[in-house]
Amino acid sequence: MSVLGYLIPISLVLGTAGLLFFVFTVRTNQYDDPEGDARRILNKDYDDRPKP
Amino acid sequence: MSVEAANFRPAISACPACIAAPSAEDMAARALPKEARIALSVPGAHCGACISTLERGLAQVPGVTDARVNLTLKRALISAAPHVTADSLIAAARGLGYEAYELDAGTLMATQQDKAGRDLLMRLAVAGFASMNVMLLSVSVWSGAEGATRDLFHWISAAIAFPTIAFSGQPFFANALKAWQTKRLNMDVPIVMAILLALATSLSETIQSGHHAYFDAALTLVFFLLAGRYLDYRTRAIARSAAQELAALEVPRAVRVTDGAEATVSVSELRVGDMILVRPGGRMPVDGEIVAGTSEIDRSLLTGESRPVFAAPGQMVSAGEVNLTGPLTLRASAVGQDTSLHRIADLVAIAESGRSRYTSLADMAARLYAPMVHIFAAVAFAGWYYATGDARLSLNIASAVLIITCPCALALAVPAVTTAASGRLFKRGLLIKDATALERLAQVDTVVFDKTGTLTAGVPEVGDLTHLGTRDLSLALALSRASAHPLSMALRQALTARGVTPAAVTDIHEVPGYGTEGTWAGRRVRLGRAQWVGADATAATAAWLSVAGEPPVEITFTDRLRPGAAEAVTALKASGRTVILMSGDSTGAVAAMADRLGITQWLAEALPGDKAARIAALQAQGKRVLMVGDGLNDTAALAAAHVSISPASALDAARVASDIVLLGTDLSPIAEAIHTAEMATRRIKQNFMLAKMYNLVAVPLAVAGLCSPLIAALAMSSSSIIVSLNALRLR
């Protein structure tokens, strides 16, 4: 059962990392236009290079 | 600022422009930031190709540095050099085939930094993270962890659960406290009781190294409830912000004339006695008396009359009327809140207070539900304590009952459906402003339409031309080309489309308020009002063509139907609803329109009060009335009706009074909206049934003491997910 000593902290750290990442996405307005983003990915305009 | 600037300068000046020029500069510097951010509403955008077309097209407008389309909100945000105006961008969007309206960027920025929404989302995310982690530990316990391992898991769960609930549960705690203080029971009271009791019993079980802890249940509960609340908030916030932005559509500016110098000022700066210049195409900003100029004015937004009215010095005009042909100078007699525009808007407030408070399905459910939950839990506790005398066991069972009955599915039942339905309607160009509008819309059995501006586009269309010879047609075209009057423009369009060539009329000039005049083959020719050409006016909207020495010829006009108007009326009638036409316009025009659309019941020359009274009478007969209207004369009726819709082109008073705003010009989504609303109401009721069934199965289990944390978690999650999926079927 000593493996729990590693696994539990690891699961908590991973979970916290996920949460922090989510907080980052909210702060950078990544949920403002879900509909448009879903369509933009099919757009060929910026396939070769990113938007200037 | 321009007022101060004018005050500091000497009143007597050799050159009036010297006064105007610096203040005009001031104005420009103040109104334009370093880089203009312009927001446009683009109701027609719906696909990936629309994004590329619009972004590329708008970026080609000189001065535009960046254009980004938001498809979810059907909006385009443009960064551009200060000299770029919204009008040029709107023209560009029109050129690409999209309707566009300017939105007030100031209001927009305010709604973008939506603190409350982010706050809820953060709490939701934390609750989600915590419940997943605790669930992981709980699964190990359920699959057989024993002794010290189980205790350790329970302690870790407790360490996660307490801070999480302290943070994520705050909205519920705040609401429950408010309800407690006002001695009223709302949905949040049983929620908070369940959460707190679950935490307390779980903690005491953990301390005594017991078998069951409900930390995971308390957390998933908070997670699902927050999800429901967030959906609810989002639907409302989007509708509210969009409605506010629409309200800012009309940028209120007026041209004030001081000692011969013109200055553009904000309407709020106007005072009684000011001289105001209203150019052709402009809207009267104040009530006043005409002191110079002749023209025709369009009063349709105030009265519903489709025919332009002659205007000359000495005549009174009201705010909201549109000047058509010649420049007019007014002396303001009432400004701001005192204008007739605002007085009619006050009618709305009166009508609204008369509208019976509608109890939404969710409120009704909550009112029944909250006391039931408490009674069940209390009975379970009392029963078990009486039977066994074991307080710890009884308390555990009571908390299990509270958790099981906690209205997870119920909290999701309505918001999930309204979110799906509003999303679906938004895609069709309808904006739901009021939370209960969908439920009310589903009950509608009578639909009342306004005519001018609602069923018609407010643009005249040339009627029969067969009685005009080729010579008259080419004369009419030549004369109509000299004027920007709506009737002239319609005539010009129709004649050009027929391939008529203009006659060689010389010396053409417009006589504002009357018509256009010219010389053809040595004879005077005129196109204009009946009296001016020496004819007797008839009931129809008409322009008259006269050639000196011959009797004048009448050219009649009808109002052009809005796209989708015929379809909407047909679909509504096909669904068994009564359609009524009510207008302030003349009997002839209304009867013709009713006949054209196949509407059998109509009311003409209705005053604003008449419309509202008629609707009130219909509702007194037990009818549920949907009012569709745009004018100021409709606002009282819009507020009095069970539910109301107004187009985006309506005056802001009308939009404020209505529950739903139609973003595009097409009317056909109205019939579909009622259908969607019916489906949504059916889904809400189904969801309530599902939640009830779940309780019927789970509550006896909990009361019997058979409900382990595993069963609680399964029951709660599955019911919430089923309810959400049922709502998603609506998309």
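Residues numbered from 1 in each chain as written. Chains lettered and ligands numbered in written order. Predicted model: local features only at pLDDT ≥ 70, side-chain atom pairs only at ≥ 80, totals over all residues.

**Q** Even after reading the chapter, I still don't get the overall build of chain B, so can you show me in this structure?
**A** Broken down by element type, chain B carries 27 helices and 26 strands. Looking at the 731 residues of chain B, the share that counts as buried comes to 47%. Taking all contacts inside chain B whose residues are at least 6 apart in sequence as the whole, residues at least 24 apart take part in 69%. (Helix = DSSP H or I, 4+ residues; strand = E, 2+ residues; numbered from the N terminus. Buried ≥ 20, exposed ≤ 12 C-beta atoms within 10 Å, placed from the backbone. Contact = placed C-beta atoms within 7 Å.)

**Q** Mind showing me how you'd approach the overall build of chain A here?
**A** Per the secondary structure count, chain A includes two helices and zero strands. Counting the 52 residues in chain A, one finds 2% classified as buried.

**Q** What should I look at first to understand unusual backbone geometry in this one?
**A** Leaving glycine aside, a negative phi is the common case for residues, and trans is the common case for peptide bonds. Residue and element names in this part refer to chain B. One non-glycine residue with positive phi stands out, namely serine 209, at about 45°. Locating serine 209 in the fold gives a position in the loop between helix H9 (188-207) and helix H10 (215-247). Backbone geometry places aspartate 507, a non-glycine residue, at a positive phi of 60°. By the secondary structure assignment, aspartate 507 is in strand E17 (residues 506-511). Judged by the 9 C-beta atoms lying within 10 Å of it, aspartate 507 is exposed.

**Q** Looking at this structure, I do not really get the pairing of strand E15 (residues 446-450) of chain B. What am I missing?
**A** Residues and elements named next belong to chain B. With five of its five residues buried, E15 lies for the most part within the structure. Side chains of E15 alternate between two faces, with Thr446, Val448 and Asp450 and Val447 and Phe449 buried alike. Pairing of E15 with strand E22 (residues 578-582), which is carried by five bridges, proceeds in the parallel orientation. Of the residues in E22, the one forming a bridge with phenylalanine 449 is leucine 581. (Pairing = 2+ DSSP bridges.)

**Q** Is there a simple way to explain the packing of H9 of chain B against helix H14 (residues 391-405) of chain B in this structure?
**A** Each pair of packed helices can be summarised by the angle the axes make with each other and by the distance between the axes. All names here are of chain B. Running from amino to carboxyl end, H9 crosses H14 at an angle of 140°, the nearest separation of the two axes being 9 Å. Relative to H14, the element H9 is oriented oblique. Regarding H9 and H14, the two cross each other, and that crossing is left-handed. Contact with H9, carried on its side by Pro190, Met193, Ala194, Leu197, Ala198 and Thr201, involves Leu395, Asn396, Ser399, Leu402 and Ile403 of H14 and no other residues of that element. Tallied by class, the residues present in the contact of H9 with H14 amount to eight nonpolar, three polar and no charged. (Axes fitted to C-alpha atoms, helices over the stretch in contact; angles between N-to-C directions. Parallel < 35°, antiparallel > 145°, perpendicular 65-115°, else oblique. Left-handed = near helix turned anticlockwise from the far one by under 90°. Nonpolar A, V, L, I, M, F, W, Y, C, P; charged D, E, K, R; others polar.)

**Q** Which parts of the structure should I look at to understand the sheet that holds strand E18 (residues 515-520) of chain B?
**A** In sheet architecture, strand pairing relies on hydrogen bonds along the backbone and comes in two forms, parallel and antiparallel. Residue and element names in this part refer to chain B. Read across the open sheet, the six strands follow the order E16-E21-E20-E19-E18-E17; overall the sheet is antiparallel. In this open sheet, the two edge strands, each paired with only one partner strand, are strand E16 (456-462) and E17. Across this sheet, the average inter-strand angle for adjacent strands is 20°, counted without regard to direction. In the sheet, strand E19 (residues 523-528) pairs with strand E20 (residues 541-547) via four bridges, with the strands oriented antiparallel. Bridge pairing links arginine 526 to serine 546 in E20. Sitting on the sheet, helix H19 (residues 486-497) is in contact with E16, E20 and strand E21 (553-561), with an inclination near 55° to E16.

**Q** How should the interface of chain B and chain A be read in this particular structure?
**A** A common way to state how big an interface is: give the accessible area lost once the parts meet. Listed as interface residues are 19 residues of chain B and, on the opposing side, 20 residues of chain A. Secondary structure elements with two or more residues in the side of chain B that touches chain A: helix H3 (48-59), strand E2 (64-70), helix H6 (115-142) and helix H7 (147-168) of chain B. In the side of chain B that touches chain A, the residues fall into 12 nonpolar, six polar and one charged.

**Q** So what exactly am I meant to see when it comes to helix H21 (residues 565-574) of chain B here?
**A** Side chains three or four residues apart in an α-helix point the same way, a direct result of the helix having 3.6 residues per turn. Residues and elements named next belong to chain B. All of the buried residues in H21 are Ala565, Ala568, Val569 and Leu572. For H21, the arc enclosing every buried residue in end-on projection is 95°, short of the 170-degree limit, so these residues lie on one face. The secondary structure elements touched by the buried residues of H21 are E15, helix H17 (451-455), E21, E22, helix H22 (587-597) and helix H26 (669-703). Positive phi appears at glycine 576, one or two residues downstream of H21, with a value of about 85°. (Arc of directions from axis to C-beta.)

**Q** How should I be thinking about the packing of H26 of chain B against helix H27 (residues 709-728) of chain B in this particular structure?
**A** Residue and element names in this part refer to chain B. Where H26 meets H27, the closest approach of the two axes is 9 Å, and the angle between their N-to-C directions is 170°. Relative to H27, H26 is oriented roughly antiparallel. Facing Arg683, Gln686, Asn687, Leu690, Ala691, Tyr694, Ala698 and Leu701 of H26, the residues of H27 in contact are Ile711, Ala715, Ser719, Ile722, Val723, Asn726 and Ala727. Residue composition of the contact of H26 with H27, grouped by class: 10 nonpolar, four polar and one charged.

**Q** Mind showing me how you'd approach the sheet that holds strand E24 (residues 625-628) of chain B here?
**A** Residues and elements named next belong to chain B. Spatially, the seven strands line up as an open sheet ordered E14-E26-E25-E24-E15-E22-E23, and their pairing is mixed. In this open sheet, the two edge strands, each paired with only one partner strand, are strand E14 (430-432) and strand E23 (601-603). Strand-to-strand twist in this sheet, taken as the mean axis angle between neighbours without regard to direction, amounts to 20°. By the bridge criterion, three bridges tie strand E25 (residues 643-647) to strand E26 (residues 660-662) in an arrangement that is parallel. Each residue of the ladder has a partner; that of serine 646, found in E26, is valine 661.

**Q** Got a minute to help me understand the environment of isoleucine 432 of chain B in this structure?
**A** Residues and elements named next belong to chain B. As for its placement among the helices and strands, isoleucine 432 is situated in strand E14. Given 26 C-beta atoms within 10 Å, isoleucine 432 falls into the buried group. Put simply, isoleucine 432 and threonine 418 are 14 residues apart on the chain and 9.7 Å apart in space, counted from C-alpha to C-alpha.

**Q** Explanation requested: the nonpolar core in the structure shown.
**A** Buried together is how nonpolar side chains tend to be arranged in soluble globular proteins. Residue and element names in this part refer to chain B. Of all hydrophobic cores here, the largest spans 139 residues; its most connected members are Ala218, Leu221, Val401, Ile403 and Ala413. Residues in contact with alanine 413, not counting those within four places in the same chain, are Ile684, Asn687, Phe688, Ala691 and Val723. Counting residues in hydrophobic clusters, the runner-up holds 24 residues, among them Leu475, Leu479, Leu495 and Ala543. (Core = buried A, V, L, I, M, F, W, Y, C linked by C-beta atoms within 7 Å.)

**Q** Where do I start with the pairing of E20 of chain B in this structure?
**A** As a general feature of sheets, a regular strand has side chains that alternate between the two faces. All names here are of chain B. E20 sits mainly inside the fold: five of its seven residues count as buried. Sheet analysis places E20 next to E21, joined by five bridges and oriented antiparallel. Counterpart to alanine 543 in the pairing with E21 is isoleucine 555. Linkage of E20 to E21, two consecutive antiparallel strands, is achieved through a turn of five residues, within which glycine 549 is found at a positive phi near 90°.

**Q** Quick question: what am I supposed to make of helix H23 (residues 608-620) of chain B here?
**A** Residues and elements named next belong to chain B. With 13 residues, H23 should cover 18 Å at 1.5 Å per step; its first-to-last C-alpha distance of 19 Å lies within 8% of that length. Among all positions of H23, only Pro608, Lys611, Ala612, Ile615 and Leu618 are buried. An end-on view of H23 places all buried positions within 120° of arc, on one side of the element. Counted as exposed and oriented over 90 degrees from the buried face of H23: Ala617 and Ala620. Glycine 622 lies just past H23 and shows a positive phi near 95°. (Expected span 1.5 Å × (residues − 1).)

**Q** Quick question: what am I supposed to make of the environment of threonine 681 of chain B here?
**A** Mapped onto the secondary structure, threonine 681 of chain B falls in helix H26. Each residue touching threonine 681 of chain B, except ones within four places of it in the same chain, is listed here: Glu439 and Ala442 of chain B.

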